[in-house]
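Spelled out from the first residue to the last, the chains are:
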Amino acid sequence: MPNMSLTKNPMPVQEPDVRNHNFEEVALGYTKEQAVDEANRCLHCKHKPCVAGCPVAIDIPEFIAKIKEEDFEGAYQIISKSSSLPAVCGRVCPQETQCESKCVRGVKGEPVAIGRLERFVADYHMANCKAAPVKPESNGHKVAVIGAGPSGLTCAGDLAKAGYEVTVFEALHTAGGVLVYGIPQFRLPKEIVQREIDTLKEIGVKVETNMVIGKVLSIDELFEDGFEAIFIGSGAGLPRFMNIPGENLKGVYSANEFLTRVNLMKAYREGSATPIQHAKKVAVVGGGNVAMDAARCAKRLGAEEVSIVYRRSEAEMPARLEEVEHAKEEGIVFRVLNNPTEILGTEDGFVKGMRCVRMELGEPDASGRRRPVEIPDSEYVLDVDCVIMSIGTSPNPLIRNTTKGLDTNRHGCIITEDESGQTSREGVYAGGDAVTGAATVILAMGAGKHAAKAIDEYIQAKK
Amino acid sequence: MYEILKKTILNPTVARMEIAAPLVAKKAEPGQFIILRVDEGGERIPLTVADFDREKGTVTIIYQIVGATTMALNQLEEGDCLHDFVGPLGTPSHTEGLKKVAVIGGGVGCAIAFPVAKKLHEQGTEVHSIVGFRNKDLVILEEEFSAVSDKMVMMTDDGSYGTKGLVTNALKELLDAGEQYDEVIAIGPLIMMKFVAKLTKEYGVKTIVSMNPIMIDGTGMCGGCRLSVGGQVKFACVDGPDFDGHEVDFDEAMERATMYKEFERHQYDEACNLFQKEVR
Ligand SMILES: Cc1cc2nc3c(=O)[nH]c(=O)nc-3n(C[C@H](O)[C@H](O)[C@H](O)COP(=O)(O)OP(=O)(O)OC[C@H]3O[C@@H](n4cnc5c(N)ncnc54)[C@H](O)[C@@H]3O)c2cc1C
Ligand SMILES: Cc1cc2nc3c(=O)[nH]c(=O)nc-3n(C[C@H](O)[C@H](O)[C@H](O)COP(=O)(O)OP(=O)(O)OC[C@H]3O[C@@H](n4cnc5c(N)ncnc54)[C@H](O)[C@@H]3O)c2cc1C
Ligand code: SF4
Ligand code: SF4
Ligand code: FES
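Please read all numbers here as calculations on a predicted model, not as lab measurements.

What counts, and where the lines are drawn
Residues numbered from 1 in each chain as written. Chains lettered and ligands numbered in written order. Predicted model: local features only at pLDDT ≥ 70, side-chain atom pairs only at ≥ 80, totals over all residues. Heavy atoms only, no water. Pairing = 2+ DSSP bridges. Helix = DSSP H or I, 4+ residues; strand = E, 2+ residues; numbered from the N terminus. Near = heavy atom within 4 Å. Nonpolar A, V, L, I, M, F, W, Y, C, P; charged D, E, K, R; others polar. Salt bridge = Lys/Arg side-chain N within 4 Å of Asp/Glu carboxyl O. Buried < 20%, exposed > 50% of the residue type's maximum accessible area, 1.4 Å probe, protein only. Contact = heavy atoms within 4.5 Å. Buried area = accessible area lost by both parts, 1.4 Å probe. UniProt positions renumbered as here; feature names shortened; annotations may be inferred. Polar contact = N/O pair within 3.5 Å; in protein donor to acceptor, adjacent residues only side chain to side chain. Areas by Shrake-Rupley, 256 points an atom, 1.4 Å probe, with all protein chains shown as cover.

Q: Which parts of the structure should I look at to understand the pairing of strand 16 (residues 232-235) of chain B?
A: Consecutive side chains of a regular strand alternate in pointing toward one face of the sheet and then the other. All names here are of chain B. Of the strand pairs in this sheet, strand 15 (residues 226-229) and strand 16 are connected by four bridges, and their pairing is antiparallel. If you follow Arg-226 over to strand 16, its bridge partner there is Phe-235. Two successive antiparallel strands, strand 15 and strand 16, enclose a turn made up of two residues, where Gly-230 displays a positive phi of approximately 60°.

Q: Can you help me understand the site of ligand 4 in this one?
A: If you check the shell around ligand 4, you find A:Cys42, A:Leu43, A:His44, A:Cys45, A:Pro49, A:Cys50, A:Pro61, A:Cys103, A:Val104, A:Arg105 and A:Ile114 and nothing else. Partitioned by chemical class, the residues of the shell around ligand 4 number nine nonpolar, one polar and one charged.

Q: I'm lost on the pattern of salt bridges in this one. Help?
A: Any two side chains of opposite charge can pair if their charged atoms end up close together. Evaluated as defined, the whole model comprises 38 salt bridges over all chains. For B:Lys118, the salt bridge goes to B:Asp51, with nearest N and O atoms at 3.0 Å. Of this pair, B:Lys118 sits in helix 3 (residues 109-122) while B:Asp51 sits in strand 5 (residues 51-53), and the two are 67 residues apart along the sequence. With a shortest N-O distance of 3.9 Å, B:Lys206 and B:Glu183 are connected by a salt bridge. Within this pair, whereas B:Lys206 is found in the loop between helix 6 (190-203) and strand 14 (207-210), its partner B:Glu183 is found in strand 13 (residues 183-187), the two being separated by 23 residues in sequence. Take B:Lys206: its relative accessible area is 43%, and that puts it in the partly exposed class. Bridged by salt links that share partners, the residues A:Arg19, A:Arg187, A:Asp293, A:Arg296, A:Arg300, A:Arg320, A:Glu323, A:Glu329 and A:Glu330 form one connected network.

Q: So what exactly am I meant to see when it comes to the interface of chain A and chain B here?
A: Tallying the contact residues gives 41 residues for chain A and 41 residues for chain B. Taken together, both faces of the contact between chain A and chain B bury some 3,300 Å²; the carbon and sulfur share is 56%. Together, A:Asn210, A:Lys215 and A:Asn248 form the three largest contributors to the area buried by chain A at its contact with chain B, with a combined 21%. One can count two salt bridges joining chain A with chain B.

Q: I'm lost on the UniProt feature "binding site: [2Fe-2S] cluster" (unreviewed entry) in chain B in this one. Help?
A: Here the UniProt-annotated "binding site: [2Fe-2S] cluster" (unreviewed entry) positions come out as B:Cys222, B:Cys225 and B:Cys237. Across 16 residues, the annotated set stays spatially compact, with a maximum C-alpha separation of 10.1 Å. Assignment of secondary structure puts B:Cys222 in the loop between strand 14 and strand 15. Aside from chain neighbours lying at most four places away, what touches B:Cys222 is A:Pro239, A:Ser254, A:Asn256, A:Glu257, B:Ile216 and B:Asp217.

Q: For this particular structure, what's the right way to read the site of ligand 1?
A: Residue and element names in this part refer to chain A. The full set close to ligand 1 counts 35 residues, and Val-92, Ser-151, Glu-170, Arg-187 and Asp-433 are the nearest of them. Asp-433 has a polar backbone atom sitting 2.8 Å from an oxygen atom of ligand 1. At 3.0 Å from an oxygen atom of ligand 1 is found a main-chain nitrogen or oxygen belonging to Val-441. Within the complex, the protein chains bury 94% of what would otherwise be the 1,000 Å² of accessible surface of ligand 1. When contributions to the shell around ligand 1 are tallied by element, the ones reaching two or more residues are helix 8 (150-161), helix 13 (289-300) and helix 17 (441-462). Residue contributions to the shell around ligand 1 peak at three residues, all from helix 13. In the shell around ligand 1, the residues fall into 19 nonpolar, 11 polar and five charged.

Encoded structure:
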């Protein structure tokens, strides 16, 4: 008899007023009992609508069936056929617009908590299954992967499993991409990412950090070095600014800089060598996951008041639902339908305020969302000493500027032929944010998977 | 890991290290920089490629001890390793087609200016060097500079060595004497570069400066190194570090450089205590 409760098993979390002072993980994960109880909400629909909502088509009802049987490792094996980073995706996927949006239980009541179950299974596996992964026999072919984010790591993992000798080149001193420098510890513990990377190393993937491709080596030189195919998963790391007056004042950060200081450089730790401003009143401009992360980090660093300043309404916010809810619980103030026009500074160049104008929603624009328009004479000054710009990123030009014949579009995104990730250069594949612009972990992972398959076919066909 | 093959003390606060980094050495050009971390958990700091040897696979850095990280770096000796060493970053200095150039170095900025002067000299450009220091004890790279310069002027603030005065005094003298330069390249403290640019603007001589804002990634990812140049926002780590000195907003750059002053002072004091304890 399935569990017909209309609501998901709630996720145990740290209390908001406790967690907004620490960097420990917010969501604590289901217990076995909760997981089994939640699994019992699944109806095992024959046509599996949920699977169609998952970019990597995890066999959702199958893995949930294993949870019901309390065969958690079996559930893990099913997930890992389609996903290489379940512990990550279970935590950060925007499930409400993906798998869970298609779940029939969501028609009346809440959908099955697919993401939470996925996380449970992945965490169970990590905690209980110590079997060392087996290193596959080498097929003698070399492939280079640029960027150690989710797309690059997934591509590398799949190719290594197929016997390729894979080297991942990463610009920063730590592998993981946005998973380590962007998404904060309290949402995605870095130990989880590290575990995934260690597993890749155990199956033979070489990870070379401190290698900025386009500077130290070019794509052409990688081919000369004997790599037969190259996957570019360099992400979309170039921050955008608003180009309003005052953006170069001290106390104005890009979200990338702020989050990098906090996450990658551990500025939140007592005694860290990395400086960060401990501001009192912070405005974060933007409405995506990045903005939520920056706001919640600022709060945890001790800010008294942190606001999200977003020019559309809450309904248009691109952030995951759960992040918006968590941010609100933690006391982040949402100033929606507000747009900054100028940042004001003190005499010695520090931020002292931000001039904003109120907005209202007009006709739908190209994105289908209603276009925000300024309300005349509605300007006011928000009292802040720190502003974090979180209005989007675009792909870094380093690789496209140093690679002849690699076509990109006007946004700087690499153009690929189709799902395979084939670029305009033979043997060069690309995927993830470098192709799509800032998107999601699971899409980046999916792109890495498709490219791995295409690279395998390409190299096998050459023989 | 990147081994320190050679360490030379240049003056009480400046030292030179030759680091084994074959891939960086292969690609490095004058004007570019590297970013290093002394140890796990340490800060990322940028330092200019002061020299390189493609055959030996080494990159030379020259650093001034100004804070916690450079002090930690200075604790290392030959045979020790740096945790991270990434580069070459930034755009190489543009030297093509220059017939006659005045290269101006101020303090440790001489370390950044030297590789450019050397490259100009090697390509046959006439190089006039003006190097300035606060006093005699701080002089570095004197021989190296004279070896690549057709004319060399040594200035000290207090007159304890060379001529007393600022590098701008020496440059003005040369310009007034009728020297015609295709370009002036000025590298040193922001305030020095600001005044060199101001002077050369009056004389209508193109001037390149090398900017050193606070950096983290050095690849264009954080935007922390941004500057206003000709009214536009530029990222020093990818668009620079060389910029047209007549276009740079030096006042803004000077403001931005003081962002973490308090924190840095604190870290420095901590590091002083720590390393003194170790010695005892
Ligand atoms: C703060 C933040 C929060 C987010 N939250 C979520 C979320 O909750 N859910 C979700 O699904 N998505 C989220 N995203 C988006 C998601 O993280 C990205 O879509 C995803 O990481 C893209 O993966 P990628 O592999 O394409 O690129 P990245 O993760 O960006 O990795 C690219 C890697 O390539 C390296 N690189 C770049 N250039 C070079 C070069 N020239 N040479 C060598 N290496 C290079 C970079 O250093 C980086 O490590 C978030 C993003 C951010 C910034
Ligand atoms: C492109 C570039 C090239 C440079 N080349 C040289 C060089 O060849 N030799 C040399 O001695 N110095 C050079 N510098 C400056 C050098 O990076 C700083 O002196 C060093 O980071 C100081 O670190 P610290 O922890 O010892 O001192 P801190 O106490 O942290 O800081 C002292 C001073 O260094 C600046 N600084 C601190 N952190 C950084 C950072 N991450 N990036 C840039 N500046 C910072 C601060 O604004 C402050 O003025 C260069 C800087 C840049 C940006
Ligand atoms: S990977 Fe993401 S979309 Fe796919 S099932 Fe898991 S949570 Fe849902
Ligand atoms: S749609 Fe929902 S109920 Fe149906 S199989 Fe998928 S998860 Fe189970
Ligand atoms: S140092 Fe981060 S963008 Fe230049």
